[in-house]
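Descriptive analysis of the structure
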Amino acid sequence: MNGYQIFIITSACLAVLVFGFFLIFIKPLLAIRFQLFLSGVQIPFSKLVAMRFQKHNVNKIAINLIRLKKADINLFTADDLIAHTEAGGNLNACVSALIASNMHDIPLQWDEITALDLAGIDVLQVAVDAHKTGDLSEIEQLLEQYSPEIAALTAHNQEKSA
């Protein structure tokens, strides 16, 4: 084998590795980025790559950002959703509860919902029950009971955004 043949074989192996990396890592992110683009959610591709390297569920975060955008709730970034996921919260339930509370004029904010969720309360069920019965007393009791946690989470989020 001469040097030219070794160069060709090495180049072909490198091309296969790059193509494999593209298929395994980049192609799913391109599909997610396309979904985000079509729905009007702006997340740079570099942010998606960083989220993927940090082992976050990029698809779950993207879908929930799209759901919030479609519900006309534009207050959130991917970092807000990542923070709740990293804390061990149920992101889908929190986003659903926020959308339900927004649609039905139930006075629940993101910090309150996430604090209740992290306390082990099914926030989506609480929002649904409040809508069905029209009784907000259960929500008021929960908010009063967990007010220190809500205040701590709110303060933490304000420090992070400052």
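Scroll up a little and you will see the structure.
Description of the structure in this document. This one's a predicted model, so the numbers in the text were calculated from it and none came from an experiment. (Residues numbered from 1 in each chain as written. Predicted model: local features only at pLDDT ≥ 70, side-chain atom pairs only at ≥ 80, totals over all residues. Heavy atoms only, no water.)

**Details of the overall build of the protein chain**
What counts, and what does not: Only runs of H or I of at least four residues qualify as helices and only runs of E of at least two qualify as strands under DSSP, and these elements are numbered from the N terminus. Both definitions apply: the radius of gyration is a C-alpha atom measure, and the globule rule equals 2.2 Å times residues to the power 0.38. Only protein chains enter the calculation, and the probe is 1.4 Å; a residue is then buried if its accessible area is under 20% of its type maximum, exposed if over 50%, and partly exposed in between.
Of the regular secondary structure elements, the protein chain holds nine helices and zero strands. Taken over the C-alpha trace, the protein chain has a radius of gyration of 22 Å; the compact-globule value for 162 residues is 15 Å, which it surpasses by more than 25%. On the principal axes, the C-alpha backbone points of the protein chain span a range of 80 × 30 × 25 Å. A total of 162 residues make up the protein chain; the buried ones form 36% of that total.

**Looking at helix 3 (residues 58-70)**
Put simply, the rule is: Expected helix span is computed as 1.5 Å times (number of residues minus one). When checking whether two residues touch, look at their non-hydrogen atoms; a contact exists if any pair is within 4.5 Å.
In a regular helix each residue adds 1.5 Å, so 13 residues correspond to 18 Å; helix 3 covers 18 Å between its end C-alpha atoms and thus fits that length. Of all the positions in helix 3, only V58, I61, A62, N64, L65, I66 and L68 are classed as buried. Looking at the buried residues of helix 3, the elements they touch are helix 1 (3-39), helix 2 (45-53), helix 4 (78-86) and helix 5 (91-103). After helix 3 finishes, the residue D72 shows a positive phi value of roughly 65°.

**Considering the nonpolar core**
Worth spelling out the cut-off: For the purposes of this section, nonpolar cores are sets of buried Ala, Val, Leu, Ile, Met, Phe, Trp, Tyr and Cys residues that join through side-chain atoms within 4.5 Å.
If you look at the biggest cluster of nonpolar residues, it comprises 45 residues, and the most contacted ones within it are L36, I61, L68, L81 and W110. Per element, the largest residue contribution to this core is seven residues, and it comes from helix 5. Filtering out sequence-adjacent residues up to four positions away, I61 remains in contact with M51, H56, A78, L81, I82 and L91.

**Examining a nonpolar patch on the surface**
The line we're drawing: Nonpolar side chains (Val, Leu, Ile, Met, Phe, Trp, Tyr) within 5 Å and like charges within 9 Å form the patches, drawn only from residues with over 30% relative accessible area and no salt bridge. Accessible areas in this description were obtained via Shrake-Rupley with a 1.4 Å probe; residue shielding takes into account the shown protein chains only. When a carboxyl oxygen of Asp or Glu is within 4 Å of a side-chain nitrogen of Lys or Arg, the pair counts as a salt bridge.
Nonpolar side chains collect at one region of the surface, where F19, F22, L23, I24 and L30 lie side by side and expose about 490 Å² of accessible area between them. Relative to the helices and strands, I24 resides in helix 1.

**Observations regarding a negative patch on the surface**
The test is simple: Think of it this way: Lys and Arg go in the positive column, Asp and Glu in the negative one, and His and the chain ends go nowhere. Lys charges are placed at NZ, Arg charges at CZ, Asp charges at CG and Glu charges at CD.
A cluster of acidic side chains, namely D135, E138, E140 and E144, defines a negative patch on the protein surface. Tracing the sequence through the fold places E140 in helix 8 (residues 137-145).

**Concerning the side chain of S101**
Within the secondary structure, S101 is located in helix 5. The exposure class of S101 is buried, given its relative accessible area of 1%. Every residue in contact with S101, bar those within four places of it in the chain, is listed here: I106, L108 and I113.

**Focus on helix 8**
In plain terms, the rule: Here the arc refers to the directions that run from the helix axis out to each C-beta atom.
Within the sequence span of helix 8, burial applies to I139, L142 and L143. All buried residues of helix 8 project into a common sector of 100° when viewed along the axis, lining one side. Seen from the buried face of helix 8, the exposed residues on the opposite side, beyond 90 degrees, are E140, Q141, E144 and Q145.

**Describing the environment of L75**
Residue position: L75 is located in the loop between helix 3 and helix 4. Among the residues examined, L75 registers a relative accessible area of 70% and is labelled exposed. Separated by 35 residues in sequence, L75 and W110 have C-alpha atoms that sit 9.6 Å apart.

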